[in-house]
Structure formats: C-alpha cells, structure tokens
Amino acid sequence: MQRYNQDIRRILITVVVIAALLASMIIIAAVFSEQPQIIDEEPDDYVHWTGLPTAPLTIIIDSGAQGTQIIGNLEFGFLNNTIVFPIGFYEDWLQIHNGFNKTDAIGLGYDALRYYSFAYLGETRLYDGWTNRTSGSWTSSDSVEWSPMSKSGMHMGSIHESDLDNLTMAGFVLEYESLKVYFKDGTNVVCGPTNLTLGVNFTLVDDEWNVEYIFEASSMDDILFGTDSVTIQFTQEIQPADDDDIDTNTPDMVERIIILPGTAIPIILGVVIIGVILVTGRQQRMDRE
C-alpha cells in the first residue's frame, strides 16, 4: 500500500509539472501570436470598383548575390463609391527577403512622394495635373513608409456617376524622389534614380479599356522597366548582420509557427489524463491480486 501511495504521488507530481509546462506554452502562444500593429492609411474594407479598369504594378529591389530582395505590389484603379469615383492606388503589404548574414531591410521610404491625376470626358478635360506637372498632393518623409506592417494609398479627383458614360481617359501617377531602403540598424540608402515616376493611363478605345503604363526615370542606371513592373538593382554593399538569422519580415509567419503548439495542447492533455487513468487502474488491479 505504501508503494502504491508513492507511485500515485509521483504520478500526481508528473501531471502537475506537465500542466505547468502546458500553461507556460499557452501564455507564450497568447503573447507571440498577437497580430502585428498595422498602420494603414486607407481602410481594407474597400476594393477598386470592377465597373472601371484596374492595373497592377510591381516594384522589385534586388541586391543580386547579396540575397536581399524587396517586392512591393500596387494596384491602380477607381475607388469603390456610390456617388464619386476618385482614381488612385493602394499598396499591398511589402514583401522582404533578407540575404544570409546581411543586416535586415525593414521597409521603404523616400524624401518626397508626389501624386498626379487626370481624367477626360471625350475631348473635355475634367481635371489634369499630370500634363503640366501640377501635383495634386505630396508627402515628405525621412522614415519607413511602406513595410510588411505598414502601407498606404491615395485616391484623388471627383468623377461623378453622371460622368461615367462620357469618361474616355483617366490616370494616376506617382513620383518618388530619392526612394530609400531602410535597415534594422537604423541606416538607410537611396536606391535607383533620384526621381522615379510610375503610373497608369486608362484609355477607352472601341468600348474597351486599354492600359498604358507610365514609366520615367532621371537615370536608367541599374533600373529596368517591364510590362507592368520596375526592377531596381541595389548595388550598394549591405552591412553584415550581428547574427546569422534571416528575417523574412512577413507579418503572419511568426503567428503560424508559434500558434501551432497551442493547437496540440488539448491532445497532449487528453493523452496525459488517459495515461494516468490506465496506470492507476492497472496498479489497483495488481494490488487486489
């Protein structure tokens, strides 16, 4: 009987230790699976209106053999609304793949970003800030503006529902001044030309919308324009990292990795309880025999 009681105590101690470990796992999962703080200057509950054309555009910053690559996806289109349909763009979350043993890139910024828009009803100009390079709006910055956890968008102009039947041309243009890559160590480096212009022109031809991309650069060194993309070769040397960890800077990857142990907790608890019942039951039968 004394041996039986000792076995029971050891089993209970084991169960308590396992329960404490599982509780710690639950706390850790609850802390680290928290959604990242997202800074979004435009709500996510809208989409560009499908009754008017949209166009994607991808910005790729590639460091070549250094291994770091930054991919930014934009979409140009008309904001979904019931009365007016301003034209503009919105950004998707930035994708960053950092090179081995290189300081992590954390996002993009710029010295200034200017916005231009235009729209025509037949031959009549509704508004046009692009032809005369009259910026409808612009921002200046010396910080990360686009990252895996922060993004923005801009839509301008007043195309009313009554204008849609006569709309023949419309577009939106972005002009980056000194596009920069920001790094985890607090440094930033200008990449590409001093001025980089990216935009789209939607033109109605024979009842079909044609998409013409607008690409301009103050210098074509280390830059390549594709059909719907621009690739910038980042030739500057990226400083070595303090460790060998590679941070992909994707906001939901950490959540998937750390939440996974939490989903196994009920299974582990069930196995422990069943094991305790089987062991104690067997011990009781042996004692009776």
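See the structure above.
Just so you know, these numbers come straight off a predicted model, no measurement behind them. For every chain, the first residue of the written sequence is number 1, and numbering continues from 1 onward in sequence order. With the structure being a predicted model, the display of local features is reserved for residues of pLDDT at least 70 and the display and counting of side-chain atom pairs for 80 or more, all residues being used for whole-chain, interface and lining totals. As a convention, hydrogens and water are excluded, and side-chain values are obtained from all of the structure's heavy atoms.

Undergrad: How would you sum up the packing of aromatic side chains? Please name residues and give values.
TA: Each pair of aromatic rings is reported with the distance of its centres and the angle of its planes. Note on ring pairs: Phe, Tyr and Trp rings are taken, using the six-membered ring of Trp, and paired if centres are within 6.5 Å. Classes follow the plane angle, with under 30 degrees stacked, over 60 edge-to-face and the rest tilted. Taken as a whole, this structure holds 11 aromatic pairs when the rule is applied. Plain terms: the ring middles of Phe76 and Phe89 are 6.3 Å apart, the flat faces sit at 45° to each other, and that makes the pair tilted. Placement of Phe76 in strand β3 (residues 69-78) and of Phe89 in strand β4 (residues 87-91) is noted, with a sequence separation of 13 residues between them. Here Phe76 falls in the buried class, since its relative accessible area comes to 0%. Arranged with centres 5.4 Å apart and planes meeting at 65°, the rings of Tyr116 and Trp130 form a pair that is edge-to-face. Secondary structure elements are defined from DSSP: runs of H or I of at least 4 residues count as helices, runs of E of at least 2 residues count as strands, and each element is numbered from the N terminus. Working definition: with a 1.4 Å probe on protein chains only, accessible area under 20% of the residue-type maximum means buried, over 50% means exposed, and in between means partly exposed.

Undergrad: Just give me the short version of empty space enclosed by the protein, but keep the residues and values in it.
TA: Only protein atoms enter the calculation, which uses a 1 Å grid: trapped sets of points that fit a 1.4 Å probe without letting it out are cavities, open sets showing protein on both sides within 12 Å along at least five of seven lines are pockets, and any residue with an atom within 4 Å of a point is a lining residue. Grid points are joined across faces, edges and corners, and a volume is the space filled by probe spheres set on the points. Counting across every chain of the model gives two cavities of 30 Å³ or more. Volume-wise, the largest cavity comes out at about 80 Å³. Looking at the lining of the largest cavity, the elements that each hand over two or more residues are β6 (105-109) and β7 (112-121). When its residues are assigned to classes, the lining of the largest cavity shows seven nonpolar, two polar and two charged. One number sums up the size of the second largest cavity: a volume of about 40 Å³. Residue lining of the second largest cavity: Ile61, Ser63, Thr68, Ile70, Ala105, Val181, Phe183, Phe234 and Ile238, and that is the complete set. Tallied by class, the residues present in the lining of the second largest cavity amount to seven nonpolar, two polar and no charged. Side-chain classes are defined by residue name, with Ala, Val, Leu, Ile, Met, Phe, Trp, Tyr, Cys and Pro counting as nonpolar, Asp, Glu, Lys and Arg as charged, and the others, Gly among them, as polar.

Undergrad: Let's hear about the environment of Ile214: which residues, and what values?
TA: On the secondary structure map, Ile214 appears in strand β16 (residues 208-217). Of the residues examined, Ile214 reaches a relative accessible area of 11% and is grouped as buried. Expressed as a C-alpha distance, the spacing of Ile214 and Gly199, which sit 15 residues apart in the sequence, is 4.7 Å. Contacts: residue pairs with any heavy atoms within 4.5 Å of one another. Residue contacts for Ile214: discarding those within four places in its chain leaves Phe118, Trp130, Val173, Thr197, Leu198, Gly199, Val200 and Asn201.

Undergrad: So what's going on with the pairing of strand β13 (residues 180-183)? Residues and values would help.
TA: Going residue by residue along β13, you find Lys180 and Tyr182 tucked away on one face and Val181 and Phe183 tucked away on the opposite face as well. Strand pairing follows a simple DSSP-based rule, namely that at least 2 bridges must link the two strands. Across four bridges, β6 lies against β13 in antiparallel orientation. Its bridge partner being in β13, Leu108 is matched across the sheet by Val181. Relative to strand β14 (residues 188-190), β13 runs antiparallel, the two sharing three bridges. Following the sheet pairing, Val181 is matched in β14 by Val189. The turn joining β13 and β14, which pair antiparallel and follow one another in sequence, is formed by four residues; a positive phi near 95° is taken by Gly186.

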